[in-house]
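A look at the structure
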Amino acid sequence: MSMRILPLNNISFKNNNIQVKDSQKSSEDKSKGLLNSSKLGIGLLSSAALGFATYYIFKGKGSSEVTKSNINIEQSINNTLSGLKSDIEDLSSKYVQKLKNGGYKVQFSTPVEENKDVLQDVLLFDNSGVLKKRIVSKFDAIEKSMTHKLYQGEVDKILEKPNDIDSDCLVKEVMVENFEPFIKDSISRNVIIKKNDNTQIQYQEYYRKSKLYERSVYNEVIGNDSAIEVTRYNYAYENGKYAGEAKQSIYKDGNQHGVYKDGMFNPFPVLVKKQGEKDFSVAGDACTVEALYKFDSRFDPNNL
């Protein structure tokens, strides 16, 4: 199965002693750009993205905002990603974020585990879906250092395996010494798969501070990628104790994130059930995880 819903947060790190190495062809502008770009490669991030989608359409917006351009951008990004060669073995899950400049960031990462290396692959696209930069990062658990390499150039070249990328595409290299992930404050992922005859249920669970804050449930017919339903659950905590849960359909009846009707795109609503309540109710006009956090901040894993 190719589609996987993504966590909307990533890894938090602390660092010091940054060393920068410029390639001979790097200009001052590129140097300034790296500082901003490298920040996109790490940090605790959130997005209004609904999982895999690279277009962001909210309840009540008209069809004029749902254009062929959005679809073409998504196709362009997906076509580019299909040729990506990475040291990260599992590329089935990715974090997608729309940037303030209209471009897109797609990030792949390995789980953060104590005394283990961490890999991160970040691709930056412009507002037309064209790949412009790639940032490959590696945390060496033994050396306690993090290396960021920024590549820019021909798309086919920078999509190669990191060690095979043409050195001319290397714009800048940044090494951070004495680099320690916040292991105790990290987000971890757990995947459980249950099979029964020709059906399969997969649970993707995300934890922070040893507390489950998000679970995506995939119900599918094996061998039929179109026969799938995906539901995301989020969990609220108050003073460290369970305070409620929320759920939202991400994919059902062949529709991803919502349905088109009367020229409008209507996202599937977020439903909540607080501790002690029997039934779910609509969470205002929330149709994204960030909107859920604003509706009730107890669902925000940053507040754990």
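Quantities reported herein were computed from a predicted structural model and do not represent experimental measurements.

1. Looking at the overall build of the protein chain
- If you tally the helices and strands in the protein chain, you get four helices and 19 strands.
- Put simply, of all contacts in the protein chain between residues at least 6 apart along the chain, 52% involve residues at least 24 apart.
- Within the structure as shown, the protein chain displays about 15,700 Å² of accessible surface, and the carbon and sulfur contribution to it stands at 45%.

2. Topic: the side chain of lysine 105
- Inspection of the secondary structure puts lysine 105 in strand E4 (residues 104-109).
- Despite being buried, lysine 105 has no salt bridge partner; aspartate 121 is the closest side chain of opposite charge, sitting 11 Å away.
- Within the structure, lysine 105 has its side chain in polar contact with the side chain of glutamine 107 (distance 3.1 Å).

3. Regarding the pattern of salt bridges
- Tallying each qualifying case throughout the model produces eight salt bridges.
- Close ionic contact of arginine 298 with glutamate 238 constitutes a salt bridge, the shortest N to O distance being 3.0 Å. Of the two residues, arginine 298 sits in the segment after helix H4 (289-295) while glutamate 238 sits in strand E13 (residues 224-238), which places them 60 residues apart along the sequence.
- In this structure glutamate 238 comes out as partly exposed when scored by relative accessible area, which is 43%.
- Across the salt bridge formed by aspartate 296 and arginine 298, the nearest N and O atoms sit 2.9 Å from each other.
- For aspartate 296, a relative accessible area of 11% puts it in the buried group.

4. Observations regarding the pairing of strand E7 (residues 145-151)
- Burial runs high along E7: six of the seven residues are buried.
- Across seven bridges, the pairing between strand E6 (residues 131-140) and E7 is antiparallel. Bridge pairing in E7 places phenylalanine 139 opposite methionine 146.
- Once E6 ends, the chain turns through four residues before running back antiparallel as E7, passing lysine 144 with a positive phi of about 55°.

5. Some remarks on the environment of valine 174
- Relative to the helices and strands, valine 174 resides in strand E8 (residues 170-177).
- What makes valine 174 buried here is its relative accessible area of 6%.
- Residues valine 174 and serine 137, spaced 37 residues apart in sequence, show a C-alpha to C-alpha distance of 9.3 Å.

6. A few points about the environment of valine 106
- When you line up the elements, valine 106 lands in strand E4.
- Put simply, valine 106 and lysine 94 are 12 residues apart on the chain and 6.6 Å apart in space, counted from C-alpha to C-alpha.
- With residues up to four places along the chain from it excluded, the contact list for valine 106 reads Ile77, Leu81, Lys94, Tyr95, Asp121, Val122, Leu123 and Phe125.

7. Description of the packing of aromatic side chains
- Summed over all chains, the structure comprises one aromatic pair.
- The side chain of lysine 247 reaches across the aromatic face of phenylalanine 280, ending 4.5 Å from its centre.
- The side chain of lysine 252 reaches across the aromatic face of phenylalanine 268, ending 5.0 Å from its centre.

8. Brief notes about the nonpolar core
- Residues Ile77, Leu81, Phe108, Leu123, Phe125 and Tyr151 are the most contacted members of the largest nonpolar core, which totals 18 residues.
- Listing elements by their share of this core, those giving two or more residues are helix H2 (68-81), E4, strand E5 (118-125) and E6.
- Core analysis: the second largest hydrophobic core is formed by 11 residues, Ala246, Val272, Val289 and Leu292 among them.

9. Thoughts on the confidence of the model for the protein chain
- In this model, the protein chain carries an average pLDDT of 75, and 72% of its residues clear a pLDDT of 70 or more.
- Note on residues 1-20: pLDDT is under 50 here. Beyond four places in sequence and across chains, it has 95 contacts.
- Taken together, the stretch residues 23-66 has pLDDT below 50 and engages in 112 contacts with residues farther than four places along the chain or on a different chain.

10. What about the pairing of strand E16 (residues 258-261)?
- With four bridges joining them, E16 and strand E17 (residues 264-267) adopt antiparallel strand pairing. Among the inter-strand pairings, tyrosine 260 is bridged to a residue of E17, identified as phenylalanine 265.
- From the end of E16 to the start of E17, which pair antiparallel, there are two residues, and aspartate 262 there has a positive phi angle of about 55°.

What counts and what doesn't
- Each chain carries its own residue numbering, running from 1 in the direction its sequence is written.
- Only residues with pLDDT of at least 70 get local features here, since the model is predicted, and only at 80 or more are side-chain atom pairs given and counted; chain-wide, interface and lining totals rely on the full set of residues.
- Side-chain calculation: all heavy atoms of the structure are included, whereas hydrogens and water are not.
- In this description a helix means any DSSP run of H or I spanning at least four residues, a strand means any run of E spanning at least two, and both kinds are numbered starting from the N terminus.
- Should any heavy atoms of two residues lie within 4.5 Å, those residues are considered in contact.
- Computed with the Shrake-Rupley method and a 1.4 Å probe, the accessible areas treat only the protein chains shown as cover for residues.
- Exposure categories follow from relative accessible area, calculated using a 1.4 Å probe and restricted to protein chains: below 20% of the type maximum is buried, above 50% is exposed, and the middle band is partly exposed.
- This count recognises Lys and Arg as positive and Asp and Glu as negative, with His and chain-terminal groups excluded.
- Here a salt bridge means any side-chain nitrogen of Lys or Arg lying within 4 Å of a carboxyl oxygen belonging to Asp or Glu.
- In the analysis that follows, any N or O atom pair within 3.5 Å is treated as a polar contact, provided that within protein one partner can donate a hydrogen and the other can accept it, and provided that, for residues neighboring in sequence, both atoms belong to side chains.
- The rule for pairing is simple: two strands pair if DSSP sees at least two bridges between them.
- Two rings from Phe, Tyr or Trp (for Trp, the six-membered ring) form a pair when their centres are within 6.5 Å of each other. A pair whose planes differ by under 30 degrees is stacked, one over 60 is edge-to-face, and the rest are tilted.
- Cation placement over rings: the criterion is NZ of Lys or CZ of Arg within 6 Å of the ring centroid and within 35° of the ring normal.
- As used here, the term nonpolar core means buried Ala, Val, Leu, Ile, Met, Phe, Trp, Tyr and Cys residues forming a set that is joined through side-chain atoms within 4.5 Å.
- Per residue, pLDDT measures the predictor's confidence, with a range of 0 to 100.

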